Number of protein chains: 4
Amino acid sequence: MTVPDSWTERDGGIERSFKFRDFSEAWAFMSRVALLAEAANHHPDWSNRWNRVDIRLTSHDAGGLTQRDTDLARRIDDLS
Amino acid sequence: MTVPDSWTERDGGIERSFKFRDFSEAWAFMSRVALLAEAANHHPDWSNRWNRVDIRLTSHDAGGLTQRDTDLARRIDDLS
Amino acid sequence: MTVPDSWTERDGGIERSFKFRDFSEAWAFMSRVALLAEAANHHPDWSNRWNRVDIRLTSHDAGGLTQRDTDLARRIDDLS
Amino acid sequence: MTVPDSWTERDGGIERSFKFRDFSEAWAFMSRVALLAEAANHHPDWSNRWNRVDIRLTSHDAGGLTQRDTDLARRIDDLS
């Protein structure tokens, strides 16, 4: 299990922030992440403020970071 | 492979129309169908006009109706 | 009222097709169009088939093409 | 400017949490809130964790709570 360089490990999870031009672009990105998450049956803890999206991935059932998180992180990275 | 009663078989596919109060409700429904479709890696031919959503399910690669269509139809029915 | 070159006038409306890499990209685009439409309180007649989105704009209440259609068309063009 | 009972005033903003059956339902709700926000040109600070959506409304440009927040709060309340 390797954490992609683009993500920061913190408190048993990995985190990354994304910035866009406006809410519409941020929302389009979130819509794609939602598809990925549901397909993987693994969902992010995430927040949005206008053009900014902060994502945290952790495996709540496993009490920390697992391969499911790093896999989803890589798929999210592939979107941008 | 059984076609749910709520769907109509036509030209090698199954079809159903959905009506909602307004665009917002129709869009919320479509957003859930999009999640189902991507998770199943099987996508609808669909159209929307304000509060109305028309869905057609067929398996283009198989040239007609398959179990993937009736499975997705049932999952879509479960949303409403 | 000028129809953008990227759209085709037909039967009292204007139409344009969009193609994307996959469903996820098409869906992200549709999510942005949905925001535009709701903000303008003017909604498209549109359909989607995997990576393809076909949009038709017409003003049903006016029985044909109006400025609201060409305005929305231009905003949709600005997305791509 | 009246804060709806369903929202809690805190640090110059108002907050409310929403719980749903699963991610799909939460996402459908968020999709409708996104439409409201873009139409009002006023966007929430919000987070999602599977079936849970936490919304905070404040007017960053005004440095605190304004009518735009309570208006949007009421429209969000009308969704559920």
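The structure we're discussing is the one just above.
Read on for a plain summary of the structure. Please read these numbers as outputs of a predicted model, since none were measured by experiment. Sequence order as written defines the numbering, with residues in each chain counted from 1. The naming scheme follows written order: chains are lettered A onward, ligands numbered 1 onward. Totals for whole chains, interfaces and linings use every residue, but because this is a predicted model, local features are given only for residues with pLDDT of at least 70 and side-chain atom pairs only at 80 or more, for both listing and counting. Computation of side-chain values: all heavy atoms of the structure, hydrogens and water removed.

The next thing to look at is the overall build of chain A. Working definition: helices are DSSP H or I runs of at least four residues, strands are E runs of at least two. Numbering for both runs from the N terminus. What chain A contains, in helices and strands, is two helices and four strands. Put simply, the radius of gyration uses C-alpha atoms, and a globule should come to 2.2 Å times the residue count raised to 0.38. Taken over C-alpha atoms, the radius of gyration comes to 12 Å for chain A, in line with the 12 Å a tight globule of 80 residues would show. For each residue, the accessible area found with a 1.4 Å probe, counting protein chains only, is set against the maximum for its type, and the residue is called buried under 20%, exposed over 50%, and partly exposed in between. Within chain A, buried positions represent 54% of all 80 residues. Residue contacts follow a heavy-atom distance rule, with two residues in contact if any of their heavy atoms lie within 4.5 Å. Excluding contacts between residues fewer than 6 apart, the proportion of contacts in chain A whose partners are at least 24 apart in sequence is 62%. Summed over all atoms, the accessible surface of chain A reaches about 3,700 Å², with 41% contributed by carbon and sulfur. Areas reported here follow the Shrake-Rupley algorithm with a probe of radius 1.4 Å; residue values treat only the protein chains shown as occluding.

Before going further, it helps to examine the interface of chain B and chain D. When the parts come together, some accessible area is lost, and that loss is often what is quoted as the size of the interface. With nine residues of chain B at the interface, the matching set in chain D holds nine residues. Two parts lose some accessible area (1.4 Å probe) when they are put together, and adding that loss for both gives the buried area. In total, chain B and chain D occlude about 810 Å² of area from one another, counting both sides; carbon and sulfur atoms represent 58% of this. On the chain B side of the contact with chain D, Ser24(B), Arg32(B) and Leu35(B) bury the most area, a combined 54% of that side's loss. Salt bridge, as applied in this entry: a Lys or Arg side-chain nitrogen positioned within 4 Å of an Asp or Glu carboxyl oxygen. Where chain B touches chain D, the interface holds zero salt bridges. N or O atoms closer than or at 3.5 Å make up a polar contact, with two conditions inside protein: a donor-capable atom paired with an acceptor-capable one, and, for residues adjacent in sequence, both atoms drawn from side chains. Summed over the shared surface of chain B and chain D, the result is three residue pairs in polar contact (both at pLDDT 80 or more). Each residue gets one of three labels, nonpolar for Ala, Val, Leu, Ile, Met, Phe, Trp, Tyr, Cys and Pro, charged for Asp, Glu, Lys and Arg, and polar for the others, Gly among them. Of the residues contributing to the side of chain B that touches chain D, the split by class is four nonpolar, two polar and three charged.

With that settled, the discussion passes to the packing of aromatic side chains. Residue and element names in this part refer to chain B. Working definition: a ring pair exists when centres of Phe, Tyr or Trp rings (six-membered ring for Trp) sit within 6.5 Å. Plane angles under 30 degrees give stacked, over 60 give edge-to-face, the rest tilted. Throughout the structure, instances matching the rule amount to 22 aromatic pairs over all chains. Here Phe18 and Phe29 contribute two aromatic rings whose centre-to-centre distance is 4.7 Å and whose plane-to-plane angle is 40 degrees, an arrangement assigned as tilted. Highlighted residues: Phe18 in strand S2 (residues 13–19) and Phe29 in helix H1 (residues 23–40), separated in sequence by eleven residues. An identical accessibility class is assigned to Phe18 and Phe29; each is buried. Here the aromatic rings of Phe23 and Trp27 are separated by 6.0 Å at their centres, their planes lie at 20 degrees, and the arrangement is stacked. With Phe23 and Trp27 both in helix H1 and four residues apart, the pair spans about one turn of that helix. Accessibility expressed as a relative area gives 1% for Phe23, which makes it buried.

This part covers the interface of chain A and chain D. Taken together, the contact pairs 16 residues of chain A with 16 residues of chain D. With both sides pooled, the region where chain A packs onto chain D buries about 1,400 Å², and carbon together with sulfur makes up 64% of that total. Contact with chain D buries surface across chain A, with Phe23(A), Trp27(A) and Trp46(A) losing the most and accounting together for 36% of the total. The tally of links between chain A and chain D comes to one salt bridge. Put simply, chain A and chain D have four residue pairs in polar contact (both at pLDDT 80 or more) between them. At the level of elements, helix H1 (23–40) and strand S3 (45–49) of chain A are the ones that each hand at least two residues to the side of chain A that touches chain D. Class assignment for the residues of the side of chain A that touches chain D results in seven nonpolar, six polar and three charged.

The atoms used to superpose the copies are C-alpha atoms, taken from residues with pLDDT of at least 70 in both, and the fit is least squares. Structural alignment of chain A on chain D gives an RMSD of 0.0 Å, achieved by rotating through 180 degrees and translating 0.0 Å along the axis. In symmetry terms, the pair is related by a two-fold rotation axis. Proximity to the rotation axis, assessed at the C-alpha, singles out Ser47(A) in chain A; its C-alpha lies 1.9 Å from the axis. Mapped onto chain D, 100% of the interface residues of chain A are again interface residues, and the two copies thus contact each other with one and the same surface.

This paragraph deals with the pattern of salt bridges. Residues and elements named next belong to chain C. Under the counting rule described, the total for this entry stands at 26 salt bridges over all chains. Note that Glu15 and Arg10 form a salt bridge whose closest N and O atoms lie 2.5 Å from each other. Take Glu15: its relative accessible area is 21%, and that puts it in the partly exposed class. Arg10 sits in the partly exposed class, given a relative accessible area of 42%.

Here, a strand pair is defined by DSSP locating no fewer than two bridges between the strands. Read across the open sheet, the eight strands follow the order S1(A)-S2(A)-S4(A)-S3(A)-S3(D)-S4(D)-S2(D)-S1(D); overall the sheet is antiparallel. Two strands close off the open sheet at either side, each with one partner strand: strand S1 (8–10) of chain A together with strand S1 (8–10) of chain D. Sheet twist, expressed as the mean angle between neighbouring strand axes with direction ignored, is 20 degrees. With three bridges joining them, S1(A) and strand S2 (residues 13–19) of chain A adopt antiparallel strand pairing. Across the sheet, Arg10(A) pairs through a bridge with Gly13(A), a residue of S2(A). Only C-alpha atoms enter the line fits that serve as axes; for helices the fit covers just the stretch in contact. Angles between N-to-C directions range over 0 to 180 degrees. Helix-sheet contacts for H1(A) involve S2, S3 and strand S4 (52–57) of chain A together with strand S3 (45–49) of chain D, and the interaxial angle to S3(A) is about 165 degrees. Of the strands in this sheet, S3 of chain A together with strand S2 (13–19), S3 and strand S4 (52–57) of chain D touch helix H1 (residues 23–40) of chain D, which is tilted by about 165 degrees from S3(D).

Right, let's talk about the sheet that holds strand S3 (residues 45–49) of chain B for a bit. Reading across from one edge, S1(B)-S2(B)-S4(B)-S3(B)-S3(C)-S4(C)-S2(C)-S1(C) is the order of the eight strands in this open sheet, with antiparallel pairing throughout. Edge positions in the sheet fall to strand S1 (8–10) of chain B together with strand S1 (8–10) of chain C, since each has one partner strand and no second. Going across the sheet, the axis of each strand differs from the next one's by a mean of 20 degrees, ignoring polarity. Relative to strand S3 (residues 45–49) of chain C, S3(B) runs antiparallel, the two sharing five bridges. Within S3(C), the position partnered with Ser47(B) by the bridge is Ser47(C). Each of S2, S3 and strand S4 (52–57) of chain B together with S3 of chain C is contacted by H1(B), which is oriented at about 165 degrees to S3(B), the strand it contacts most.

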